[in-house]
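# Summary of structural features
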Amino acid sequence: MSAIQLPLLIGFAIMAIGSIAIFLHGPKGREFRHDTQFHSVVPFIAATAYLAMFLGTGVVEIGATQTFFPRYADWAVTTPILLAGLILTGLHEHPRHSTFILPAIILDVIMIATGLLAALSEGDARWIWFAWSCAAFFGVLFILWGPVKAIGDNLGGGIERVYRRNLVFLTAVWLVYPVVFAFGPEGLQSISTVASVWIVLALDVVAKVVYGFVATARFNTLPGAHANE
Ligand code: RET
């Protein structure tokens, strides 16, 4: 097994176990909640991506850098689910939640797609795509911290507290990804490929599994959280 395969295998195992653990941790019996469904499916998707990367499927050497296509495929699917989950936590009873979920998801998918374009291009083009991806990211953050937070603040009943805490957690973790990209093998090359795979693994575990537990536990504290959805 090569040095790069170890974190990928560990990633597969943590994500597979995390998916089952979040599901079992959720409400029992016939009760279904959007947050438990969302948060257990996210690590399952990641486990699939880590398995593919461990097997070398979709890992392509372009120029001097390795591009992990499954990583971007994973993010393109899981980050919209995490965003939809966060917005639904704040606004699940609000009739206009799709007004915010859709634009947030579109910007988010553009962020991941142009991040992949940055990884695939060279020279100035790489940094232009990086900057454009960051612009989309700021659009996502604007929606979450601006209108969604403002509406949530007026709903009361503890929703605003749960939303704000989840929002702070999500923002803090997500902001590290572009930093790792900028300093990693795709950017300034101050971090080696193996080190960057370990760092992204740690971030993915926090953003998907730890956040999944924390967010579902916080949702549990809301009155009415146990109603069938
Ligand atoms: C890239 C590179 C280009 C600039 C930006 C990026 C942002 C990535 C983010 C990824 C989040 C991933 C998560 C995965 C786990 O569920 C594509 C690295 C802004 C924010 C949360």
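Our subject is the structure that appears above.
Since the model is a prediction, treat every value here as computed from it, not as a measurement.

Scoring rules and cut-offs
Residues numbered from 1 in each chain as written. Predicted model: local features only at pLDDT ≥ 70, side-chain atom pairs only at ≥ 80, totals over all residues. Heavy atoms only, no water. Near = heavy atom within 4 Å. Polar contact = N/O pair within 3.5 Å; in protein donor to acceptor, adjacent residues only side chain to side chain. Areas by Shrake-Rupley, 256 points an atom, 1.4 Å probe, with all protein chains shown as cover. 1 Å grid on protein atoms, 1.4 Å probe; cavity = no way out; pocket = protein on both sides within 12 Å on 5 of 7 lines; lining within 4 Å. Sits in = over half its atoms within 2 Å of the grid points. Helix = DSSP H or I, 4+ residues; strand = E, 2+ residues; numbered from the N terminus. Nonpolar A, V, L, I, M, F, W, Y, C, P; charged D, E, K, R; others polar. Points joined across faces, edges and corners; volume = space filled by probe spheres on them.

Near the ligand there are 16 residues, and of these Trp75, Leu82, Ser133, Trp174 and Lys208 occur at the shortest range. Lys208 is positioned with one of its side-chain polar atoms (N or O) 2.9 Å from an oxygen atom of the ligand. For the ligand, whose free accessible area comes to 540 Å², the fraction covered by protein is 100%. Placement of the ligand is best described as lying within the largest cavity. For the shell around the ligand, the elements supplying multiple residues, two or more each, are α3 (69-91), α4 (97-120), α5 (123-155), α7 (176-183) and α8 (193-220). Tallying contributions element by element places α3 first for the shell around the ligand, with four residues. Taken together, the residues that form the shell around the ligand break down as ten nonpolar, four polar and two charged.

Counted according to the given criterion, the structure contains two cavities of 30 Å³ or more. Approximately 390 Å³ is the volume found for the largest cavity. Every residue lining the largest cavity is counted, 25 residues in all, and those nearest its centre are Trp75, Met111, Ile112, Tyr177 and Pro178. Residue assignment for the lining of the largest cavity shows that the elements contributing at least two residues are α3, α4, α5, α7 and α8. It is α3 that provides the largest number of residues to the lining of the largest cavity, a total of six residues. The residue makeup of the lining of the largest cavity, split by class, is 16 nonpolar, five polar and four charged. Mapped onto the lining of the second largest cavity, the elements with two or more residues apiece are α2 (34-55), α3 and α8. In terms of residue class, the lining of the second largest cavity is built from four nonpolar, four polar and one charged.

On their own, these measurements won't tell you what the molecule is for.
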